[in-house]
Amino acid sequence: MNRSILEYLEESGERYPEKVAFADVNTSCTYQELIHRARRIGTALSRRVKPGRPVPVFMDRGVDTICLFMGIVYAGCFYVLLDTKQPKARIKQILDTLCADVLITTKEYDKDREGLDIRQSLYELQELEQEEVDELRLSQIRENALDIDPLYGIFTSGSTGVPKGVVISHRSVIDFIDHFTEIFDIDSEDVIGNQAPWDFDVSVKDIYSTLKTGATMQIIPKQYFSFPGKLIDFLCERQVTTLIWAVSALCMITTLKGFDYRIPTRIRKVMFSGEVMPVKHLNLWREAIPDAMYVNLYGPTEITCNCSYHIIDREYQPGETLPIGKSFPNEKVFLLDEDNLLITEPGKQGEICVSGTALALGYFNNPEQTNRAFVQNPLNPWYLETIYRTGDLGIYNENNELCFSSRKDFQIKHMGHRIELGEIESAMDRIEQVGRACCIYDEESSKILMFYEGVMEKRQIMKELREILPAFMLPNKYYPLDKLPMTKNGKIDRKSLIQEYRGEV
Ligand code: AMP
């Protein structure tokens, strides 16, 4: 059994030394080159940082970045990628939380670092790569390493305003990726088109599926996600077979009618997560590339990528709910009601909870938040069993398939009724002329707001919604937009919508 993800890298390096492992628009590296660069970096870094420490990386995703990530792991440390474009104050919060000794970057980001108060020792990647590999040093680090050592940290937004650093171990990634690549039949022939930023856990599937199977990752430039033509040309030219993308990236192609231009016919697998996939858009994908496998993946960063999946096996009608399906092997996904009792019957809603090896090591340097979300399974008074409470609500449908209902925070009380905002969005999905829709409750004014892509008028929409929803669920205000704003992780930016509504920006 593997103990370190470096075994993924080295085994693929032995099998496919000359094969391109990672490529971006500027450059590429083979498996052999990746290992060689990583070992140099690892050696140099191990002279500067102790094993087990976080190593923040101030760079964008790319070939250099994966070499650095692996170098950090060879040094026995764990990496935390910092988005170079995020506000300086947030970067500072993250660096403060990490109490890191070093920060790694390249000259390319000199400008982005301006104004950043860096207390860590700053090293440039090029400088680390100058040092020769010290085999003995690296093997000693390796011998002392455990599979429960952290591999990476990903910061997610915290409700208190301070980002929380989810820490994930080698063990969790191996546990998840071994099953993920097997179930979805990912192998060395695959070319994975990377869309997700590398400080977002969707990218973990791209990176480690590539390394484990000896596949190739093609890193797609972020700006292509505003130009479907360019994006589809890239997918065709680089012969991409596998997309593991955020929902909005897939919807961008269909919204902008990308398939009228060209169809990337080599695509065999389309997997999506992060938000509810609107069936209308899924159907357009299935129409364009009917032979591909489509998978709804569900799960938060805290359980390592995903804990459940559903392979789309039939036609769905707009407005229908796609199941999030069954648990990945070695994970238990279950529902608890408000009294912490297990829900097994269809139609009853509860909080989605997860238990298994894939659970995170908690939030870095934040025992309070860790203890709130990672708790003893209330169904097990006998021995230690930590579960993660996702804060998501789920329900079994009549076929006993698990479905996502909404975030707990998106369940509101309006005029005395309990309402899932997701249900209103799903009703909007059934209206042909409406693009993506986002429903928000403004507590201050007690109004349900509907933001949607398209030009359809309020009167017409209300007429159609009345056919589907009870009167108390009808939105109070309607805002047609060219395009819904997105966060950098590709989710609908609810915060900016509500701020705009309140005239705060
Ligand atoms: P993140 O940790 O950023 O990946 O966000 C995880 C959250 O995204 C989950 O807790 C859900 O609220 C939402 N999410 C993830 N996958 C899905 C899905 N397939 N359908 C609906 N919501 C999802």
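Relevant structure appears above.
Residues numbered from 1 in each chain as written. Predicted model: local features only at pLDDT ≥ 70, side-chain atom pairs only at ≥ 80, totals over all residues. Heavy atoms only, no water.

(A) A look at the overall build of the chain. Along the backbone of the chain there are 17 helices and 26 strands. Relative to the 2.2 N^0.38 estimate, which gives 23 Å for 505 residues, the radius of gyration of the chain is 23 Å and therefore close to what a compact globule would have. Across its three principal directions, the C-alpha atoms of the chain cover 70 × 55 × 45 Å. For the chain, contacts bridging at least 24 residues in sequence account for 68% of all contacts bridging at least 6. Of the roughly 22100 Å² that the chain leaves accessible, carbon and sulfur atoms contribute 48%. (Helix = DSSP H or I, 4+ residues; strand = E, 2+ residues; numbered from the N terminus. Rg over C-alpha atoms; globule rule 2.2 N^0.38 Å. Contact = heavy atoms within 4.5 Å. Areas by Shrake-Rupley, 256 points an atom, 1.4 Å probe, with all protein chains shown as cover.)

(B) Seen up close, the site of the ligand. If you check the shell around the ligand, you find 15 residues, and the closest are Asn296, Leu297, Thr301, Asp392 and Lys491. Gly274 places a main-chain nitrogen or oxygen 3.0 Å from a nitrogen atom of the ligand. Separating an oxygen atom of the ligand from a side-chain N or O atom of Arg407 is a distance of 3.4 Å. In isolation the ligand exposes 500 Å². Once the protein is present, 89% of that is buried. For the shell around the ligand, the secondary structure elements donating two or more residues are β13 (293–298) and β21 (402–407). In terms of residues, the shell around the ligand owes the most to one element, β13, which gives 3 residues. The residue makeup of the shell around the ligand, split by class, is 6 nonpolar, 4 polar and 5 charged. (Near = heavy atom within 4 Å. Polar contact = N/O pair within 3.5 Å; in protein donor to acceptor, adjacent residues only side chain to side chain. Nonpolar A, V, L, I, M, F, W, Y, C, P; charged D, E, K, R; others polar.)

(C) Representation of unusual backbone geometry. Despite not being glycine, Asn340 shows a phi value in the positive range, around 65°. When you line up the elements, Asn340 lands in the loop between β16 (331–336) and β17 (342–343). The partly exposed category is assigned to Asn340, whose relative accessible area is 28%. You will see that Asn365, though not glycine, has its phi angle at about 55°, which is positive. Among the structural elements, Asn365 can be located in the loop between β18 (350–356) and α14 (367–373). (Buried < 20%, exposed > 50% of the residue type's maximum accessible area, 1.4 Å probe, protein only.)

(D) Focus on the packing of aromatic side chains. For the structure on display, the rule yields 21 aromatic pairs. Judged by centre distance (6.5 Å) and plane angle (75°), the ring pair of Phe22 and Trp198 falls under edge-to-face. Residue Phe22 is located in strand β1 (residues 20–23), and its partner Trp198 is located in the loop between β9 (191–194) and α9 (202–213); the two are separated by 176 residues in the primary sequence. Among the residues examined, Phe22 registers a relative accessible area of 0% and is labelled buried. Residue Trp198 is classed as buried on the basis of its relative accessible area, which comes to 4%. Here the aromatic rings of Phe180 and Phe328 are separated by 6.3 Å at their centres, their planes lie at 45°, and the arrangement is tilted. Pair noted here: Phe180 is in helix α8 (residues 170–183) and Phe328 is in the loop between β15 (326–327) and β16, with a separation of 148 residues, a long-range link. An identical accessibility class is assigned to Phe180 and Phe328; each is buried. Ring pairs connect the aromatic residues Phe22, Phe69, Tyr79, Tyr152 and Trp198, which therefore count as one cluster. Above the plane of the ring of Phe334 lies Lys332, whose end atom (NZ or CZ) is 5.7 Å from the centre. (Phe/Tyr/Trp six-rings, centres within 6.5 Å; stacked < 30°, edge-to-face > 60°. Lys NZ or Arg CZ within 6 Å of the ring centre and 35° of its normal.)

(E) View of the sheet that holds strand β2 (residues 28–30). With mixed pairing, 9 strands are arranged side by side in an open sheet as β2-β1-β10-β9-β11-β12-β13-β14-β15. Here the strands that pair on one side only, and so sit at the sheet edges, are β2 and β15. Examined bridge by bridge, β1 and strand β10 (residues 216–219) share 2 bridges and lie parallel to one another. Bridging across to β10, Phe22 finds its partner in Met217. Most of the contacts of helix α2 (residues 31–46) go to β2, to which it runs at about 90°, and overall it touches β1 and β2. (Pairing = 2+ DSSP bridges. Axes fitted to C-alpha atoms, helices over the stretch in contact; angles between N-to-C directions.)

(F) Spatial organisation of the nonpolar core. One finds Ile5, Phe22, Leu34, Met70, Tyr208 and Leu211 to be the most contacted residues of the largest nonpolar core, which totals 99 residues. Here this core takes 9 residues from helix α3 (residues 63–74), the largest share from any one element. Once residues lying within four places of it in the same chain are set aside, the contact partners of Phe22 are Ser28, Cys29, Leu34, Val63, Ile66, Trp198, Ile207, Thr210, Leu211 and Met217. In terms of nonpolar packing, the next biggest core, distinct from the first, is built from 33 residues, Phe225, Phe234, Trp245 and Phe259 among them. (Core = buried A, V, L, I, M, F, W, Y, C linked by side-chain atoms within 4.5 Å.)

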